[in-house]
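# Inside the fold
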There are 2 protein chains.
Amino acid sequence: MMNGDRIVQFIAREDLIDLALGHPDPDLLPVDGLRRAAGAAFDRYGPDAVAYGSAAGPAPLISFVCARLEKIDGRAPSPSEVVLTAGNSYGLDQVATLLTRPGDAVLVESPTYHLAIRILREHPLDVIPISSDERGLRVSEVADAVFRLRQRGGRARLLYTVPTFNNPTGISLALDRRRELVALAASEGFTIAEDDVYRELAYEGEPPPSLWSMAEPGIVVRLGSFSKSLAPGLRVGYLTADEPTARRFSEGGLLESGGGISHFASLVVAEYALTGEYASNVLRLREEYRRRRDALTAALDAEVGDAARWISPDGGYFVWVTMREQADLAMLLELAEQHGTSFVPGPVFHPDGRGGQQSVRLAFSRYPAPMLAEAVRRIGSSLLSRPGHRAARA
Amino acid sequence: MMNGDRIVQFIAREDLIDLALGHPDPDLLPVDGLRRAAGAAFDRYGPDAVAYGSAAGPAPLISFVCARLEKIDGRAPSPSEVVLTAGNSYGLDQVATLLTRPGDAVLVESPTYHLAIRILREHPLDVIPISSDERGLRVSEVADAVFRLRQRGGRARLLYTVPTFNNPTGISLALDRRRELVALAASEGFTIAEDDVYRELAYEGEPPPSLWSMAEPGIVVRLGSFSKSLAPGLRVGYLTADEPTARRFSEGGLLESGGGISHFASLVVAEYALTGEYASNVLRLREEYRRRRDALTAALDAEVGDAARWISPDGGYFVWVTMREQADLAMLLELAEQHGTSFVPGPVFHPDGRGGQQSVRLAFSRYPAPMLAEAVRRIGSSLLSRPGHRAARA
């Protein structure tokens with residue numbers, strides 16, 4: 001039976017500390033506060049809590065998004081620049097539906113969030129990978145790709161990127177490259193879909209300003225979410241855009257017909273935010289995830305050491321570990337699972353399947369620090385137990 | 001400011017009894033029961049209530065959908081044939097994204113639900129209208145359209161229809177035509193997107209069996225919803241399809257990435273259903289809407305009489321009124337609003353804007369019976385006060 005008795009998407013195997021999935025720790029979801037907020041939404045709004053909602057989303061949450069972005073981003077949107085979404089996957093789906101024409105070329109950084117590629121290809125769009133380095137997306141390669149497309153009579157319509165605390169690399173796009181990228185999008189006329197889902201999870205001071213905040217109106221659609229900063233199963237996110245583009249979403253057939261896409265859940269988030277709990281919950285998450293990141297990278301130092309390199313991320317969920325020698329990732333994954341842990345092999349995040357052959361993504365979001373350290377010990381043991389490794393030392 | 005201080009989509013003008021919008025009466029939304037259900041969902045599931053949800057939707061609500069359809073449809077789906085949605089607008093959006101190729105031809109009955117046309121065209125699909133009569137969609141015209149498309153080297157990929165308690169006409173497709181339509185879809189290889197949102201609102205015994213229940217697997221995707229039978233702002237619906245097609249939705253990029261699209265709200269609906277309140281709420285709605293339909297049609301008899309004709313619908317929200325003489329609908333609408341009521345003019349529901357020139361859609365869902373009678377009196381006054389009408393009698 002396909003659906004079985006499933007409630008949640010991801011059920012951790014009892015025998016694994018599974019660093020593969022970028023999910024929050026269930027123990028960090030503020031269940032009691034959200035339970036109170038749900039009751040408060042019914043108390044405050046009565047039938048309006050469950051009637052057809054305003055297409056762009058209920059005003060109280062839109063106002064909160066504006067106020068919150070004033071604190072954590074380069075500039076605050078006006079309410080008319082915000083449309084609530086059912087999370088970033090839905091947001092990207094709607095960007096693809098409403099802002100592209102089928103067969104358009106979409107540039108994506110490589111490695112990138114692999115499921116975003118699926119969404120884009122389903123529309124269907126032609127996905128063109130652009131490589132990145134330790135300063136993020138290579139903007140000069142974007143310019144080259146745009147040029148080549150134009151030579152062939154084509155056109156880059158969209159660029160999808162996770163510039164802040166990237167999935168899978170954890171890296172943030174350097175500030176000078178941010179400037180270059182929004183300037184290039186303006187001059188070449190493509191839209192940037194900025195996946196900004198990790199902005200709240202900044203562990204070393206302020207996160208970089210969003211591309212949206214740096215660009216002239218009409219260049220960037222930023223996709224933000226309450227999935228990482230609050231709870232993913234509420235399915236509440238938002239996009240910020242210039243007002244005309246925001247209207248293309250709120251006045252499109254889907255929202256015009258069904259009203260706001262996460263109406264009731266959006267009011268629950270609004271009530272939760274109003275009490276001040278949202279802000280304190282984010283502080284708590286930052287502290288806990290910082291501890292987890294530090295535990296993971298310290299364990300990597302101790303257990304993997306010279307065999308690999310990685311960059312400790314300033315935010316988000318992930319550490320991207322690249323091995324110094326050739327790696328048979330399929331075998332390493334099998335060994336890791338035998339040793340009681342797991343990860344995602346690098347090629348998964350490359351749209352063309354090339355690249356990432358020596359890399360793995362480790363998520364530090366799901367388990368407390370001691371378990372992360374144990375997982376890395378198991379990865380270290382897996383590395384040492386590889387047949388090839390033994391042979392090399394023999 | 002675009003979003004203003006909006007919470008809900010539709011704010012009734014104080015001076016109108018507005019029969020234009022197909023919205024439920026706020027007084028019929030079971031706020032207390034849903035408030036309890038939200039608390040119960042947190043109590044039962046804890047963090048799982050707001051974690052990433054199972055992509056197809058949580059099993060308890062899928063089971064309920066199966067059990068419920070066993071009661072109100074020709075056959076029950078198995079759990080693997082059900083995927084939960086964020087309502088039918090979202091469901092149709094995803095049907096268009098995942099089951100069509102851009103530029104495909106989609107056949108739609110005319111008149112039909114106007115916002116569905118918007119959703120289909122945004123994908124973009126080529127919308128071809130098929131006329132209907134008092135027995136519903138003219139299936140012989142579907143066959144003709146399919147033939148003509150094939151002659152031109154094209155192909156009908158999808159047919160969108162509201163065969164049960166149609167929006168806007170209130171009519172249900174006759175049983176023999178249902179059989180012909182699913183047979184035609186099977187032989188010609190197009191998919192039927194069956195918008196089945198009004199099934200629960202049947203006022204004269206059992207609703208007709210869905211096209212989905214009558215067809216071989218792989219022919220029909222049925223879109224069902226809790227928007228009309230419970231509360232639209234929860235944004236919870238479902239689709240039923242054969243298992244391979246259901247998997248195309250649950251294993252598509254959007255749900256694979258974000259998990260179940262209305263996870264928390266789906267658990268709220270499941271808790272509400274478990275108490276037995278859902279079934280008794282539907283009985284209450286049927287009784288109340290039946291009374292409203294009867295009040296509206298009795299008032300039409302009394303106030304409009306020979307000037308128009310209509311068919312009293314066996315279910316749903318709408319009565320489709322067609323005037324016997326030429327009508328200037330723009331002027332009639334203006335007069336109606338001056339008299340304190342409103343409606344939707346017929347051409348809105350025709351994809352090509354042709355047709356419906358003498359028809360209007362009246363919704364009886366939003367107001368209690370006495371107010372509906374008053375609204376029809378006002379429409380009667382508007383008809384009498386038309387300049388053309390006076391001239392004809394002068």
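Summarised in this report is the structure supplied together with it.

Conventions adopted
- Residues numbered from 1 in each chain as written.
- Chains lettered and ligands numbered in written order.
- Predicted model: local features only at pLDDT ≥ 70, side-chain atom pairs only at ≥ 80, totals over all residues.
- Heavy atoms only, no water.
- Core = buried A, V, L, I, M, F, W, Y, C linked by side-chain atoms within 4.5 Å.
- Buried < 20%, exposed > 50% of the residue type's maximum accessible area, 1.4 Å probe, protein only.
- Contact = heavy atoms within 4.5 Å.
- Buried area = accessible area lost by both parts, 1.4 Å probe.
- Salt bridge = Lys/Arg side-chain N within 4 Å of Asp/Glu carboxyl O.
- Polar contact = N/O pair within 3.5 Å; in protein donor to acceptor, adjacent residues only side chain to side chain.
- Helix = DSSP H or I, 4+ residues; strand = E, 2+ residues; numbered from the N terminus.
- Nonpolar A, V, L, I, M, F, W, Y, C, P; charged D, E, K, R; others polar.
- Least-squares fit on C-alpha atoms with pLDDT ≥ 70 in both.
- Axes fitted to C-alpha atoms, helices over the stretch in contact; angles between N-to-C directions.
- Left-handed = near helix turned anticlockwise from the far one by under 90°.
- Pairing = 2+ DSSP bridges.

## Focus on the nonpolar core
Membership of the largest hydrophobic core comes to 140 residues, with the highest contact counts inside it found for A:L120 and B:L120. Counting 78 residues, the second largest nonpolar core, distinct from the first, contains A:F264, A:Y272, B:V8 and B:L61.

## Section: the interface of chain B and chain A
Listed as interface residues are 80 residues of chain B and, on the opposing side, 80 residues of chain A. Note on chain B versus chain A: buried area summed over both sides is about 6,500 Å², and carbon and sulfur give 65% of it. One can count two salt bridges joining chain B with chain A. Applying the counting rule to chain B against chain A returns 31 residue pairs in polar contact (both at pLDDT 80 or more). Of all the secondary-structure elements, those providing two or more residues to the side of chain B that touches chain A are α1 (31-45), α2 (59-72), α3 (88-99), α4 (114-121), α8 (243-250), α9 (253-258) and α10 (263-274) of chain B. Across the side of chain B that touches chain A, the residue classes tally to 40 nonpolar, 26 polar and 14 charged.

## Considering the environment of A:N281
Residues and elements named next belong to chain A. Here N281 is to be found in helix α11 (residues 277-303). Overall, the relative accessible area of 3% leaves N281 in the buried class. When the C-alpha positions of N281 and P30 are compared, they lie 7.7 Å apart, and in sequence the two are 251 residues distant. If sequence neighbours within four positions are ignored, N281 has contacts with L28, P30, S229, L230 and Y272. Engagement of the side chain of N281 in a polar contact is seen with the backbone oxygen of S229, the distance being 3.2 Å.

## A word on the relation of the copies chain B and chain A
With an axial shift of 0.0 Å and an RMSD of 0.0 Å, the rotation relating chain B to chain A amounts to 180 degrees. What the rotation and shift describe, once combined, is the action of a two-fold rotation axis.

## Description of the pattern of salt bridges
In the structure shown here, the tally under the stated rule is 58 salt bridges over all chains. Between B:R35 and A:D43 there is a salt bridge, with the nearest N and O atoms lying 2.8 Å from each other. Placement of the pair is B:R35 in helix α1 and A:D43 in helix α1 (residues 31-45), with the two residues belonging to separate chains. Take B:R35: its relative accessible area is 34%, and that puts it in the partly exposed class. A:E288 is the partner of A:R291 in a salt bridge, and the nearest nitrogen-oxygen pair spans 2.3 Å. Placement of both A:R291 and A:E288 in helix α11 is noted, with a separation of three residues, approximately one turn of the helix.

## Brief notes about the packing of helix α3 (residues 88-99) of chain A against helix α4 (residues 114-121) of chain A
All names here are of chain A. Put simply, α3 and α4 touch, their axes get as near as 9 Å, and they point 35 degrees apart. In the crossing of α3 with α4, the sense of the turn from one axis to the other is right-handed. On the side of α3, the interface is formed by S89, L92, D93 and A96, while α4 contributes A116, I119 and L120. Split into classes, the residues belonging to the contact of α3 with α4 amount to five nonpolar, one polar and one charged.

## Overview of the pairing of strand β2 (residues 82-85) of chain B
All names here are of chain B. Burial of β2 is two-sided: the residues V82 and L84 facing one way and the residues V83 and T85 facing the other way are all buried. Where β2 and strand β9 (residues 237-240) come together, four bridges link them in antiparallel fashion. Counterpart to T85 in the pairing with β9 is G237.

Shape descriptors only; they carry no functional weight alone.
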